[in-house]
Amino acid sequence: MEPLEKISAVLDRHTDDYHVFLVNHTASGTYELGTSKRYPICSCFKLAVLMAQFESMRLPSELNETIEVSPLKLSPGGGVLSYLDSPVLMTIRQLLNLMMSFSDSTATDLLIERIGLERVRSVLRSACPDSDLTKSTGGIVSDFNSRFSIKTLKSSPDPLTSFTFSDYSNAKDLANLALVSHNFRSPTKLHHAYSVSLD
């Protein structure tokens, strides 16, 4: 059985609704399984936040800029910072690491606030033409929670594509976002820091 057939067989055993987009870097080919649909973008947009942050900086010293993180401004969605019980100063470097390593919602939203949602959205749309981002992580989580409950998810045959979301993407766009973030060229003096954050 060919690798793609094996992947399809596994997916078919567990769901009848999926979309997978694969890029073969060795053979320079692409492979698509299932049907393309828009899904909630969830945490994947954090790659765009990362690139937008490094686009906004010119010197490594900017990574040491500090932002106060307050328990009064924690974002829903979870992460390490959700356990804070008193204010703490964190550097941009630390917030980037929390966003990328732990998918921290508060770190992500503080970084978005620093450079502006429109800048992040522009980076996302340049890599993902059929994707969009209109709000912060906290806004996305609140929107999702207001629409869905365990009962909704169990009763709908395809709850994630049965509703219209304002923050969405698809498998092909996300594959391209991963590729663009891998090939992203930050300013020379920041290239090592970018690579560390991405890894």
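Residues numbered from 1 in each chain as written. Predicted model: local features only at pLDDT ≥ 70, side-chain atom pairs only at ≥ 80, totals over all residues. Heavy atoms only, no water.

S.K.: With reference to specific residues and values, describe the pairing of strand β1 (residues 19-24).
M.R.: In this sheet, strand β2 (residues 29-34) lies alongside β1 in antiparallel orientation, the contact comprising six bridges. In the sheet register, F21 faces β2, and the bridge partner there is E32. Where β1 hands over to β2, the hairpin turn is made up of four residues, of which S28 adopts a positive phi near 55°. (Pairing = 2+ DSSP bridges. Helix = DSSP H or I, 4+ residues; strand = E, 2+ residues; numbered from the N terminus.)

S.K.: Describe in detail helix α8 (residues 171-183), supporting the description with residues and values.
M.R.: Over its 13 residues, α8 extends 19 Å from the first C-alpha to the last, a length consistent with the 18 Å expected when each residue adds 1.5 Å. Those residues of α8 that sit buried are A171, D173, A175, L177 and S181. Those residues of α8 hidden inside the fold are in contact with β1, α2 (46-55), α5 (117-127), β6 (168-169) and α9 (191-198). Two to three positions downstream of the cap, the backbone nitrogen of K172 sits 3.1 Å from a side-chain oxygen, assigning the N-cap of α8 to N170. (Expected span 1.5 Å × (residues − 1). Buried < 20%, exposed > 50% of the residue type's maximum accessible area, 1.4 Å probe, protein only. Contact = heavy atoms within 4.5 Å. Polar contact = N/O pair within 3.5 Å; in protein donor to acceptor, adjacent residues only side chain to side chain.)

S.K.: Explain the side chain of N170 to me, using residue names and the numbers behind them.
M.R.: As for its placement among the helices and strands, N170 is situated in the loop between β6 and α8. The buried category is assigned to N170, whose relative accessible area is 5%. Within the local environment of N170, its side chain forms a polar contact with the backbone nitrogen of D173, the two atoms lying 2.8 Å apart. Leave out the neighbours within four places in its chain, and N170 touches S36, K37, D130 and S131.

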